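In case you want the letters, here they are:
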Amino acid sequence: MEKQVHVSRIGEEFKQEMKKQSQRERFISWAPVGILAFLVVLFSIIAQGFFSLTNLQNLLKQLAIPLVMSLGLTFVILMGSTDLSAQGLAGFVGAIMALMVVNSKNANNMGFLGILIAVVAAILVTAISGIIHIKGKLPTFMVSYAVSSIMQGFAVLSYKGEPALIRDEFFTTMSQGSFLGIPYLTYIALAMFVIAYVLQFKTRFGSYVMAIGDNEGIAKNIGVNIDLTKFKVFLWLGVCIGLVGFMGAVRLGRGEVGIGSNLVFPAITSVVVGGTSLSGGKGGVVNTLVGAMIVTVINNALVLLGVSPYVQQAVQGMIIIAAVAISIPHGKNLIVK
Amino acid sequence: MERKLLMTIRGVTKQYPGTLALNNIDMDVYGGEVLGLIGENGAGKSTLMKIMIGAETATSGTLEMHGKPYAPHTPIEAMKLGVGMVFQEQSLIMNLTVAQNIYIGREEQYVKHALVDTRRMNEDAQKVLQGLEITNIKSGTRVNRLDFADRQMVEIAKVFDSVGASEGEGSIILLDEPTSVLSEKEIQQLFRHVRRLCTRGNAVIFVSHKLDEVMEIADRICVFKDGCKVDEMPNENLDEGILYEKMVGKTASGEYYHVARQRVPEQDVVLELRKLCKRGYFADVDLQLHKGEILGICGVVGSGKEDLCAVICGDEDPTGGEILVRGQSQRFASPSQARKAASILSVPRERRVEGIIGELSAYENICMSNFDGVRQNGVISDKLAKVQAEKYVQELSIKLPSVNQRVGRLSGGNAQKVVFARILASGCDILILDHPTRGVDVGAKTEIYSIIRDIADQGKSLIVLGDTLDETIGLSNRVAVMKDGEITKMFDAPPDGKPEQVDIVKYMM
């Protein structure tokens, strides 16, 4: 029998197309780093005071809370979900934590135990919303939005209108102090980054989250325990929101519900700008670090440039649309709703 | 040498609503052999494999593995019992490394204090790859950095290793069209692994459209046709001609397709394709469609016929060449533009998803592609729409309690007739029919063939991708055969000289 060695033309073309596409993807995956570098250079030139040691310290301080928040959301978004509960939940955590340490409203003095209780409360809440999502098959978007609203209510109820001022000296110094020029709160954020990094790259959990985000059907066939993995993602989110609530209260010096406001949107922006796909399965915690830096640098520079806060919000909105537009796949027959 | 029986399949039948995908299959799989499965699309090969790996359950019949009843519910369970499959669509997680993909779900041995020993896992994965003579892939690389062929090799390595891990009494590996993205050299490499695996007492089931490859690697070949296993023979002194003949489906009588009503098309060319290309899908397609003509296009999955039709009806963009409609060069931004500017409309394959709107009534569906005829003072008139619908319901003898009936409730045949009513109401005169009789029972099929003849009689032109080869030949004036994105042959199919299925299949595979 004569052997055919026929490599079809379209087969070759198909290979080339795939190659082109993967080159494009590789380029895009490095884009956030390039953008960060570009912004730093740009702002150093046009924004007076941007390139200085004091401002570097400022940047590190401003980075802390958004970074922890976005690290929490990274795993949620990696598996293709969203979570908006932080707005109410972080406010709630901050409020009850302030009521448990030395404060202006009562005689409590639980110190670190108070923080622990507050963080555990956050984990419990995200665990419950996780179970509602997993077992009830409700979209995370809706569940977390509702949870946020509920917790916002509880937050205000906990202090009955007038937020508690934190009087515990340890915490009041914590908000301002620094070690080796790096603010204390930033150490917490960096530690959380290291933990998140280990979770993503050194544990089965990290691989499974990626698998679920890429294609849940495949993950299931491989034998990944999908529900358990999703549940763990919510626990991690709870840890992060708990810490964010605590850090927010320390930073503000009082435990009010407003700690949670204007938290979720910049965090989602950071995750997406860093290159993590909103549909899941692509990106990760390193991307989030870069993304959080980009968002922090922009906000910082806009203040230095004297841009109005309302314009800053508009800028953030535009950034997220641009980032999503670059990162999602394009195609004529892609159906997006 | 005595062959060890690994799996026995007895009387396996799979019934889907409306179709019998597998009919009473008996098959044995022996250790140490490569078993080739061949057959046209829809012959039942894929369904059988899905049952073997637990992705589907048989309606009736039994499977045994190593003499024990075998009925896995999931692919992972099948894997543990020694049956693994390399999927045509790859099942790799793009943003994980090669090693992570090879061991995903099986990491226990590398986990210490909840942390994965990445280095050791990478080393072992590298050994797995080396064992398969794959030297150009580093196990620490992320899969999305690899090209398509390398990904395929990783996929194969993953299944070989996970089935090999449970190896003992002999495992079965299923390869579904594994060579479509591989180069000649890689194919030979794959074949060496397959043979090596078999010498260790395992069996490999090899499914491919490429007959020459099946004949090169298989020890035994099973031929499937219309859900039945029609023959099984050792791969000795076979020639492709014999296999082609066994593969093609039964030929229905000319009456079934109303061949007597086939008309000679007019001379006018209504649609002409000149060197039409879509990179990676099809290339240099030249085609002429005449007024009143029915043109059939045949080809296996991946031949490019579906993509070609998607380009013609404006759903996809071509990357080169020209589409001329009645002599004028045209480019369509969307199917809606193709309909308005060139009077081209397509009947999609997935009726429930793409062809009808189940929640709407029959009359609303029928006027959907053209509101002009039912508009009064600028708004759509329910009354006119119903009158129009009544007319088509009668013409096409659609069985409906009333035109207010929700289409989602109708049987396949009647729902498809509603689609045809919509097509007729659209007034379009170049129609692309993608599997026009899919999921339609036999009685309704012949009615639909009659409707298609009526449409041609009205001087409209049709492109048909038939549900079966026989259907395409029976309906068409001419049949174009596509393979690897190119038209390999054009057959004339006059009523008194229809081409044989065997001759067409030769150009498809």
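The model shown is predicted, which means the values in this text are computed figures rather than measured ones. Every chain begins its residue count from 1, and numbering advances along the sequence as written. Following the order in which they are written, the chains are lettered starting with A and the ligands numbered starting with 1. The predicted nature of this model means local features are confined to residues of pLDDT at least 70 and side-chain atom pairs, given and counted, to a pLDDT of 80 or more, with totals for whole chains, interfaces and linings taken over all residues. For side-chain calculations, the full set of non-hydrogen atoms in the structure is used, while hydrogens and water are omitted.

Draft legend 1. Fine view of the overall build of chain A. Counting its regular elements, chain A contains 13 helices and four strands. Relative to a compact globule of 337 residues, whose C-alpha radius of gyration would be 20 Å, chain A shows 22 Å and is just as compact. Counting only C-alpha atoms and orienting by the principal axes, one finds that chain A spans roughly 95 × 55 × 35 Å. Taking all 337 residues of chain A together, the buried fraction comes to 49%. Residues are treated as being in contact if the distance between any of their heavy atoms lies within 4.5 Å. Within chain A, contacts between residues at least 6 apart in sequence are counted, and of these 78% link residues at least 24 apart. Secondary structure elements follow DSSP: runs of H or I no shorter than four residues count as helices, runs of E no shorter than two count as strands, and numbering proceeds from the N terminus. In this description the radius of gyration comes from C-alpha coordinates, and the expected globular size is given by 2.2 Å times residues to the power 0.38. Partly exposed describes any residue whose relative accessible area lies between the buried limit of under 20% and the exposed limit of over 50%, with all areas from a 1.4 Å probe on protein chains only and scaled to the type maximum.

Draft legend 2. View of the overall build of chain B. Of the regular secondary structure elements, chain B holds 17 helices and 24 strands. Expected size for 509 residues packed as a compact globule is a radius of gyration near 23 Å; at 26 Å, chain B falls within 12% of this value. Sorting the 509 residues of chain B into buried and exposed places 55% on the buried side. Partitioning the contacts of chain B with sequence separation of at least 6, the portion at a separation of at least 24 is 67%. Using a 1.4 Å probe, the Shrake-Rupley method yields the accessible areas, and only the shown protein chains count as cover for residues. For chain B, the computed accessible surface area is about 21200 Å², with 48% contributed by carbon and sulfur atoms. Charge separation in chain B, taken as the distance between the mean sites of 62 positive and 72 negative side-chain charges, equals 4 Å. In this count, Lys and Arg are taken as positive residues and Asp and Glu as negative ones, while His and the chain termini are left out. The location of each charge is read from NZ of Lys, CZ of Arg, CG of Asp or CD of Glu.

Draft legend 3. Summary view of the packing of helix α6 (residues 169-176) of chain A against helix α10 (residues 226-252) of chain A. Residue and element names in this part refer to chain A. Axes here refer to lines fitted to C-alpha atoms; in helices the fit is confined to the stretch in contact. Angles between the N-to-C directions go from 0 to 180 degrees. Close contact between α6 and α10 brings their axes to 8 Å; oriented N to C, the two are set at 90°. Classified by the interaxial angle, the pair formed by α6 and α10 is roughly perpendicular. Between α6 and α10, the contacting residues are F171, M174 and S175 on the first element and F246, V250 and R251 on the second. Residues were grouped as follows: Ala, Val, Leu, Ile, Met, Phe, Trp, Tyr, Cys and Pro as nonpolar; Asp, Glu, Lys and Arg as charged; and all remaining residues, including Gly, as polar. Grouping the amino acids of the contact of α6 with α10 by side-chain chemistry returns four nonpolar, one polar and one charged. With respect to orientation, any angle under 35 degrees is reported as roughly parallel, any angle over 145 as roughly antiparallel, any angle of 65 to 115 as roughly perpendicular, and every other angle as oblique.

Draft legend 4. Representation of the packing of aromatic side chains within the structure. Residue and element names in this part refer to chain A. Side-chain rings of Phe, Tyr and Trp (the six-membered ring for Trp) are treated as a pair once their centres are within 6.5 Å; stacked means planes under 30 degrees apart, edge-to-face means over 60, and tilted covers the remaining angles. Summed over the entire model, instances satisfying the criterion amount to 17 aromatic pairs over all chains. Here the aromatic rings of F141 and Y145 are separated by 6.3 Å at their centres, their planes lie at 5°, and the arrangement is stacked. Within this pair, F141 and its partner Y145 are both found in helix α5 (residues 140-159), separated by four residues, close to a single helical turn. Seen from their ring centres, F171 and F246 are 6.1 Å apart, and the 80° between their planes marks the pair as edge-to-face. With F171 in helix α6 and F246 in helix α10, this pair connects stretches of sequence that are 75 residues apart.

Draft legend 5. Structural view of the domain arrangement of chain B. Residues and elements named next belong to chain B. Here chain B is described as being made up of domain 1 (5-82 + 166-247) and domain 2 (259-508). Each domain's extent was defined by an automatic or database domain assignment. The C-alpha-based centres of domain 1 and domain 2 are spaced at 35 Å. Residue-level contacts link five residues of domain 1 with eight residues of domain 2. Here the quantity called buried area is the total loss of accessible area, with a 1.4 Å probe, experienced by two parts when brought into contact, counted for both. Both faces combined, the contact of domain 1 with domain 2 buries some 640 Å², and carbon together with sulfur accounts for 68% of it.

Draft legend 6. Spotlight on unusual backbone geometry. All names here are of chain B. Positive phi is not limited to glycine here, since S397 has a value of about 40°. Note that S397 resides in the loop between α13 (382-395) and α14 (412-426). Residue class for S397 comes out partly exposed when judged on its relative accessible area of 41%.

Draft legend 7. Quick look at the interface of chain B and chain A. Facing the 51 residues of chain B at the interface are 35 residues of chain A. Each partner contributes to the roughly 3700 Å² buried at the junction of chain B and chain A, and carbon and sulfur atoms together form 54% of this total. On the chain B side of the interface with chain A, the three residues burying the most area are I93, R145 and R279 of chain B, jointly 17% of the side's total. Any carboxyl oxygen of Asp or Glu within 4 Å of a side-chain nitrogen of Lys or Arg constitutes a salt bridge here. The interface formed by chain B and chain A contains zero salt bridges. Counting of polar contacts relies on pairs of N or O atoms within 3.5 Å, with two restrictions inside protein: one atom must be capable of donating a hydrogen and the other of accepting it, and residues adjacent in sequence are counted only when both atoms are side-chain atoms. In this assembly, chain B and chain A are joined by seven residue pairs in polar contact (both at pLDDT 80 or more). Its residues placed into classes, the side of chain B that touches chain A shows 20 nonpolar, 14 polar and 17 charged.

Draft legend 8. Layout of the side chain of T203 of chain A. Considering the arrangement of structural elements, one finds T203 of chain A in the loop between α7 (184-202) and α8 (204-214). Owing to a relative accessible area of 9%, T203 of chain A belongs among the buried residues under this scheme. There is a polar contact of 2.6 Å between the side chain of T203 of chain A and the backbone oxygen of L199 of chain A. Sequence-distant contacts of T203 of chain A, that is, excluding residues within four places in its chain, are made with V198 of chain A together with A114, L115 and V116 of chain B.

Draft legend 9. Representation of the sheet that holds strand β16 (residues 320-325) of chain B within the structure. Only when DSSP finds a minimum of two bridges between them are two strands counted as paired. Taken in spatial order, the four strands line up as β14-β13-β16-β17 (chain B) in an open sheet, and their pairing is antiparallel. Edge positions in the open sheet fall to β14 (282-290) and β17 (328-330) of chain B, since each of these has one partner strand only. With direction set aside, neighbouring strand axes in the sheet form an average angle of 20°. Summarising the sheet, strand β13 (residues 269-278) of chain B and β16 of chain B pair through five bridges and their orientation is antiparallel. Paired with R274 of chain B across the bridge in β16 of chain B is E322 of chain B. Strands in contact with helix α1 (residues 9-46) of chain A are β13 and β14 of chain B; relative to β14 of chain B, the strand with the most contacts, it is inclined by about 125°.

Draft legend 10. The arrangement of α8 of chain A in detail. Burial runs high along α8 of chain A: nine of the eleven residues are buried. Within α8 of chain A, burial applies to F205, G206, S207, Y208, V209, M210, A211, I212 and G213 of chain A. Each element contacted by the buried residues of α8 of chain A is listed here: α2 (53-78), α7, α9 (216-222) and α10 of chain A together with α3 (98-103) of chain B.

Draft legend 11. Fine view of the pattern of salt bridges. Residue and element names in this part refer to chain B. Taken as a whole and assessed by the stated rule, the structure comprises 26 salt bridges over all chains. Note that E316 is salt-bridged to K278, the shortest N-O span being 3.4 Å. Remark: K278 occurs in strand β13 and E316 occurs in the loop between α9 (305-312) and β16; sequence separation between them is 38 residues. We classify E316 as partly exposed; its relative accessible area is 24%. A relative accessible area of 12% means that K278 is categorised as buried. Connected through salt bridges with shared partners, the residues E33, R220, K229 and E232 form a single ionic network.

Draft legend 12. Looking closely at the sheet that holds strand β3 (residues 34-39) of chain B. Residues and elements named next belong to chain B. Spatial ordering of the open sheet is given by β6-β9-β10-β3-β11-β12, a layout of six strands whose pairing is mixed. What marks the edges here is a single partner per strand, and that holds for β6 (83-86) and β12 (228-234). Direction aside, neighbouring strands of the sheet carry axes that sit 20° apart on average. Where strand β11 (residues 220-225) lies against β12, six bridges are found, and the strand directions are antiparallel. Bridge assignment links V223 to a residue of β12, and that residue is D231. Lying on the sheet, helix α6 (residues 184-199) is in contact with β3, β9 (172-176) and β10 (203-207); it crosses β10 at an angle near 145°.

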